[in-house]
Amino acid sequence: MRQFIYSILFVLFSFSAFGQSIMLLNPTEKHRYHSEINRLDSNYFPSMYSLQNRELTAIEKDTMQDKKNIHFCTKPLFELGAAYDLSDKQFHYRSALGLSSIISWNKIKAGIDYSYHLSTLPNFLYSFQNHRLIPSQSIPKAIGNKAYSFHQLRFFLHYQATDFFSVESGYGKHFIGDGYRSLLLSDNAANYPYLKLETQIFKKLRYTNLYARLSDVGNPDDNNRYSNNKKYFASHYLSWNATKRLRFSFFETVVWSSHDSTGGRNFEWYYLNPVVFYRPVEFALGSPDNMLMGLNLSYHCGNKSLFYTQYLIDEFYLNEIRADISHLLHPNDSTINHGAWVNKQAFQLGFKSYQFLGIENSFFRSEFNLIRPYTYSHRRTEINYTHHHQSLAHPWNSNIYEFIMEFAYYKERWSVENRFIYALIGTDKDSTTHVGQNILLPSWESSINNTAAVNYYGNTIGQGSQQHLLYNKICFNYLLSPKHSLNLSAGYIYRKQSSRESSMKSNYFFLRLSTGISDWFANR
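Parameters and conventions
Residues numbered from 1 in each chain as written. Predicted model: local features only at pLDDT ≥ 70, side-chain atom pairs only at ≥ 80, totals over all residues. Heavy atoms only, no water. Salt bridge = Lys/Arg side-chain N within 4 Å of Asp/Glu carboxyl O. Helix = DSSP H or I, 4+ residues; strand = E, 2+ residues; numbered from the N terminus. Buried < 20%, exposed > 50% of the residue type's maximum accessible area, 1.4 Å probe, protein only. Polar contact = N/O pair within 3.5 Å; in protein donor to acceptor, adjacent residues only side chain to side chain. Contact = heavy atoms within 4.5 Å. Patch = residues over 30% accessible without salt bridge, like charges linked within 9 Å, V, L, I, M, F, W, Y side chains within 5 Å. Areas by Shrake-Rupley, 256 points an atom, 1.4 Å probe, with all protein chains shown as cover.

1. Describing the pattern of salt bridges
Should the charged atoms of two oppositely charged side chains come close, the side chains can pair.
Next up, step 1: A complete count under the given rule lists eleven salt bridges for this structure.
Next up, step 2: Here K344 and D314 are joined by a salt bridge, their closest N and O atoms 3.7 Å apart. Here the residue K344 occupies a position in strand β18 (residues 344-353), and D314 occupies one in strand β17 (residues 305-315), the gap between them amounting to 30 residues.
Next up, step 3: You can call K344 buried: its relative accessible area is 4%.
Next up, step 4: Notably, a salt bridge pairs D324 with R372, separated by 3.9 Å at the nearest N-O pair. Taken together, the positions of D324 in helix α7 (residues 318-329) and R372 in the loop between β19 (362-371) and β20 (386-387) put the pair 48 residues apart, joining distant regions of the chain. When sorted by exposure, D324 lands in the same class as R372, which is buried.

2. Description of the side chain of S186
Next up, step 1: Its place among the elements puts S186 in the loop between β9 (174-175) and β10 (192-201).
Next up, step 2: In terms of polar contacts, S186 uses its side chain to reach the backbone carbonyl oxygen of A393, at 2.5 Å.
Next up, step 3: The residues contacting S186, other than those within four sequence positions of it, are H174, F175, L392 and A393.

3. Some points on a nonpolar patch on the surface
Next up, step 1: Taken together, the side chains of I70, F72, I103, W105, I108, L157 and Y159 present a nonpolar region at the surface, about 630 Å² in accessible area.
Next up, step 2: Listed by contribution, the elements that provide at least two residues to the nonpolar patch are β3 (70-85), β4 (90-105) and β7 (147-159).
Next up, step 3: With respect to the element layout, F72 can be found in strand β3.
Next up, step 4: For F72, a relative accessible area of 42% puts it in the partly exposed group.

See below:
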């Protein structure tokens with residue numbers, strides 16, 4: 001309680017000291033921005049964008065001061081929130097304070113934001129507490145039994161070399177796709193250092209190269225110390241606006257460790273080639289790394305409405321796919337071996353509209369996600385598709401079915417948002433099983449480091465201890481000060497996760513005052 005009182009005084013003092021607005025968008029501005037870029041007549045590319053840069057660009061012309069071709073703006077970040085969980089009769093709080101700055105001069109643009117957070121975690125984030133982690137953030141410092149403090153730092157330096165080529169370096173995260181989730185690359189994990197090259201090819205093609213350094217932190221020891229081994233990934237992303245309605249993208253990425261059986265390896269310079277396919281390079285290196293490929297597709301069926309889909313391939317064996325199809329056609333034929341674990345794929349299908357049923361200022365989304373067991377995992381745990389112990393794609397890893405529905409309405413300063421999620425997640429019953437949800441474990445047909453071996457056949461989505469997750473969040477927002485982007489939110493989260501072995505329920509009421517601090521556990 002003492003830390004909570006201190007955080008209130010700290011934040012209130014700092015808020016009174018800074019009389020400026022922030023650069024990130026409030027709920028109404030976000031809806032207006034995304035509604036415009038998703039218009040049928042826009043030439044927007046569903047590209048691999050940096051989260052700290054995508055929305056700043058949309059409003060910087062209105063907020064930045066112009067002095068001799070130098071645009072500069074500095075604004076505060078602020079959050080103060082309280083919540084009460086009726087299920088366990090626990091009081092929770094969240095507080096944050098920070099500063100965000102951006103400057104541009106001719107072809108150069110740079111931005112930085114920093115915030116310090118002091119918060120307690122609700123009980124439904126118990127798995128993160130067990131790993132001593134904060135969702136989507138770096139490793140925190142524990143304060144007592146429930147409270148955590150952590151720092152969030154993001155920055156970027158962008159250089160528009162020509163009209164068709166740009167370079168960006170920074171410390172942040174990225175997101176690919178049109179969905180609420182991304183099965184290719186999402187903002188689920190913590191920030192990381194990166195280098196991004198973006199090339200405009202004619203009018204309808206855009207090619208993006210992304211190189212980043214990640215951390216394989218492992219599990220904490222008894223003194224709460226992490227190993228923090230380095231690993232890297234390199235990605236290619238090609239976006240093609242094929243027609244006015246159809247947009248198609250191809251994605252590939254490779255993850256490798258800074259060390260292997262021969263010792264230190266560090267950055268693999270072969271992967272710097274901006275145009276080569278990674279699979280031949282990986283094969284030439286002896287196939288020691290983890291490679292993934294994917295497709296992203298969207299089709300506009302109206303002015304502000306579109307269908308979208310993603311398909312990710314971690315591993316693909318055509319003969320085993322044929323066996324699965326044969327099993328579906330002949331389910332009673334016991335001679336067909338099906339459900340091979342080596343077929344690791346994920347699929348997404350969704351629809352969203354920024355003018356649903358003709359209602360102005362409305363938003364609707366319906367989305368389905370499917371991820372087969374063991375997807376994103378690897379035999380060598382140091383090159384699984386994770387960063388700081390968290391997936392680079394879906395927050396619940398793999399071995400899941402998920403359905404999401406969202407509806408929102410925006411009117412002047414008011415807005416209401418509702419999100420419903422149902423998921424079926426197959427988890428390990430104990431340490432002697434590995435059913436494909438925990439991608440931090442090694443996946444192989446024999447035991448590695450005393451972990452459970454994988455069954456080659458007979459694998460299905462949701463296998464293991466089936467966790468049924470129901471989640472609904474309703475939030476009412478009121479923009480107290482458009483000039484300062486000061487937003488007041490009040491809402492309720494219902495969350496129930498149940499299986500045959502256990503059940504946990506939360507009835508979470510919250511009140512939040514903020515300017516530009518993201519709701520970092522909103523999708524859990």
